[in-house]
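Notes for the structure review
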Amino acid sequence: MKSVTVIGMGPMGQAMAGAYLDKGYEVTVWNRTPARADELVVRGAARAGSVEAALTASDLVVLSLIDHDAVDAVLAQAPETALAGRVFVNLTSDTPDRMRATAAWLAERGAVQLAGGVQVPPPGIGTPEAMTYYSGPEEVIESRRADLEVLTGVHYLGADQGLAPLYYQIGIDMFWTALAGYLHGQAVAEANGISADEFLPHAVRTLDLRYFLEFYAPRITAGHHEGDVDRISMGVASVEHVVRTAEAAGVDGSLPAAVLELFRRGVAAGHGQRSLTSLVEVLKA
């Protein structure tokens, strides 16, 4: 029987352990708060009494913790002999540099890390459309592909351990920014008597940015920021109207005001008559 150890019993770790149980794996779980694994134990998972016991139960270890400080603290509880020879599928969110450092630390102790960035929330684990970014040694990815695909599809990015968390954090940057924009817009809507259900189809259409992304991406790649289609100066006027509309409704305008400040920085840098895409250069400065 195939086996796996899952360390970290937050919603994501629980979903992952559950997916392995569903596929007939022998699953060992460990969490700082043991009770979080109760339902999984009822379903057949083995609860390890220590980190060392958890690690030695399988040569495949999935890490799903809050950050790499937690990874360091957990793995420090086991002797190095418990690390050697194991493949750690590290699905813990943190910066690319922290993922690289953890990979190096594990390699010094005879273990291999596969860095990952899960692109779905816990309910998406085990569904056909789910996908995870992976980076690390390709031969290990391929040898463990069937185990990884129990959780999600595999999107391999390359050998650099920092690539998976980099792509993940870029996506999360866009996700939180867009979702915050939705919530701010809905606050303005509700302040004007428009419910979330009522505005939903309009929100969906507005946040479908595919046309704009596909239009702008090649221009950004080419460094084509001419203001032939849009201009930052036009954006300043537009976002000023948004801020005033929000404030008139009694809604905190700090979120669109932050966007307005970015646009004004672009104008101050001499990009007023250039495209919105020139803000990429302002943000990198």
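Residues numbered from 1 in each chain as written. Predicted model: local features only at pLDDT ≥ 70, side-chain atom pairs only at ≥ 80, totals over all residues. Heavy atoms only, no water.

In the nomenclature of an unreviewed UniProt entry, the protein is known as 3-hydroxyisobutyrate dehydrogenase-like beta-hydroxyacid dehydrogenase of Lentzea atacamensis. Per its UniProt entry, the protein bears the Sequence similarities (unreviewed entry) comment "Belongs to the HIBADH-related family." (UniProt positions renumbered as here; feature names shortened; annotations may be inferred.)

**A few points about the nonpolar core**
In terms of nonpolar packing, the biggest core is built from 32 residues, with Tyr 20, Val 27 and Val 29 touching the most fellow members. The set of elements that each furnish at least two residues to this core consists of strand 1 (3-7), helix 1 (11-22), strand 2 (26-30), strand 4 (60-63), strand 5 (87-90), strand 6 (112-118) and helix 6 (138-143). Among the elements that line this core, the one with the most residues is helix 1, at 6 residues. Setting aside chain neighbours within four positions, we find Tyr 20 in contact with Val 4, Val 6, Tyr 25, Val 27, Val 62, Asp 147, Leu 148, Val 150 and Leu 151. Membership of the second largest hydrophobic core comes to 19 residues, among which are Ala 48, Leu 65, Ala 78 and Leu 106. (Core = buried A, V, L, I, M, F, W, Y, C linked by side-chain atoms within 4.5 Å. Buried < 20%, exposed > 50% of the residue type's maximum accessible area, 1.4 Å probe, protein only. Helix = DSSP H or I, 4+ residues; strand = E, 2+ residues; numbered from the N terminus. Contact = heavy atoms within 4.5 Å.)

**Things to note about the pattern of salt bridges**
Using the criterion set out here, one finds 17 salt bridges in the structure. In this structure, Arg 98 and Asp 72 form a salt bridge, with 3.1 Å as the shortest nitrogen-oxygen distance. Of this pair, Arg 98 sits in helix 5 (residues 96-108) while Asp 72 is found in helix 4 (residues 68-75), placing the two residues 26 residues apart along the sequence. Overlapping salt bridges bring together Lys 2, Asp 59, Arg 144 and Asp 147 as one network. (Salt bridge = Lys/Arg side-chain N within 4 Å of Asp/Glu carboxyl O.)

**Quick look at the environment of Ala 268**
Relative to the helices and strands, Ala 268 is located in helix 12 (residues 254-271). Owing to a relative accessible area of 69%, Ala 268 belongs among the exposed residues under this scheme. Separated by 57 residues in sequence, Ala 268 and Tyr 211 place their C-alpha atoms 29 Å apart.

**Details of the packing of aromatic side chains**
Under the counting rule described, the total for this entry stands at 6 aromatic pairs. On the basis of an interplanar angle of 65° and a centroid distance of 5.5 Å, the ring pair of Tyr 133 and Tyr 167 is categorised as edge-to-face. Here Tyr 167 lies in helix 8 (residues 163-191) and Tyr 133 lies in strand 7 (residues 131-135), a separation of 34 residues in the sequence. Judged by its relative accessible area of 16%, Tyr 133 falls in the buried class. Tyr 167 sits in the partly exposed class, given a relative accessible area of 40%. Consider the rings of Phe 215 and Tyr 216, whose centres lie 5.3 Å apart with planes at 70°: the pair is edge-to-face. For Phe 215, a relative accessible area of 27% gives the class partly exposed. For Tyr 216, a relative accessible area of 15% puts it in the buried group. Linked through ring pairs, Tyr 211, Phe 212, Phe 215 and Tyr 216 together constitute an aromatic cluster. (Phe/Tyr/Trp six-rings, centres within 6.5 Å; stacked < 30°, edge-to-face > 60°.)

**Considering the UniProt feature "domain: 6-phosphogluconate dehydrogenase NADP-binding" (unreviewed entry) in the protein**
Within this structure's numbering, the places UniProt gives as "domain: 6-phosphogluconate dehydrogenase NADP-binding" (unreviewed entry) are residues 4-140. For residues 4-140, the helix share is 35%, the strand share is 23%, and the end-to-end C-alpha distance is 16 Å.

**Quick word on the packing of helix 8 against helix 9 (residues 196-206)**
Orientation of helix 8 relative to helix 9, taken along the N-to-C sense of each, is 135°, at an axis distance of 10 Å. Judged by the angle between their axes, helix 8 and helix 9 are oblique. The element helix 8 and its partner helix 9 pack so that their crossing is right-handed. Where helix 8 abuts helix 9, its residues Tyr 182, Gln 186 and Glu 190 lie against Ala 196, Phe 199 and Ala 203. (Axes fitted to C-alpha atoms, helices over the stretch in contact; angles between N-to-C directions. Parallel < 35°, antiparallel > 145°, perpendicular 65-115°, else oblique. Left-handed = near helix turned anticlockwise from the far one by under 90°.)

**A word on a nonpolar patch on the surface**
Judged by side-chain polarity, Leu 166, Tyr 167, Ile 170 and Met 174 come together as a nonpolar surface patch covering roughly 390 Å² of accessible area. Take Leu 166: it is sitting in helix 8. (Patch = residues over 30% accessible without salt bridge, like charges linked within 9 Å, V, L, I, M, F, W, Y side chains within 5 Å. Areas by Shrake-Rupley, 256 points an atom, 1.4 Å probe, with all protein chains shown as cover.)

**Quick word on the pairing of strand 1**
Counting buried positions along strand 1 gives 4 out of 5 residues, so the element sits mostly inside the fold. Direction of pairing for strand 1 relative to strand 2: parallel, over a ladder of 5 bridges. Looking at the pairing, Val 6 lines up with Val 29 of strand 2. Tracing the backbone out of strand 1, into helix 1 and back to the parallel element strand 2 gives a crossover that is right-handed. (Pairing = 2+ DSSP bridges. Right-handed = clockwise from strand over helix to strand, strands pointing away.)

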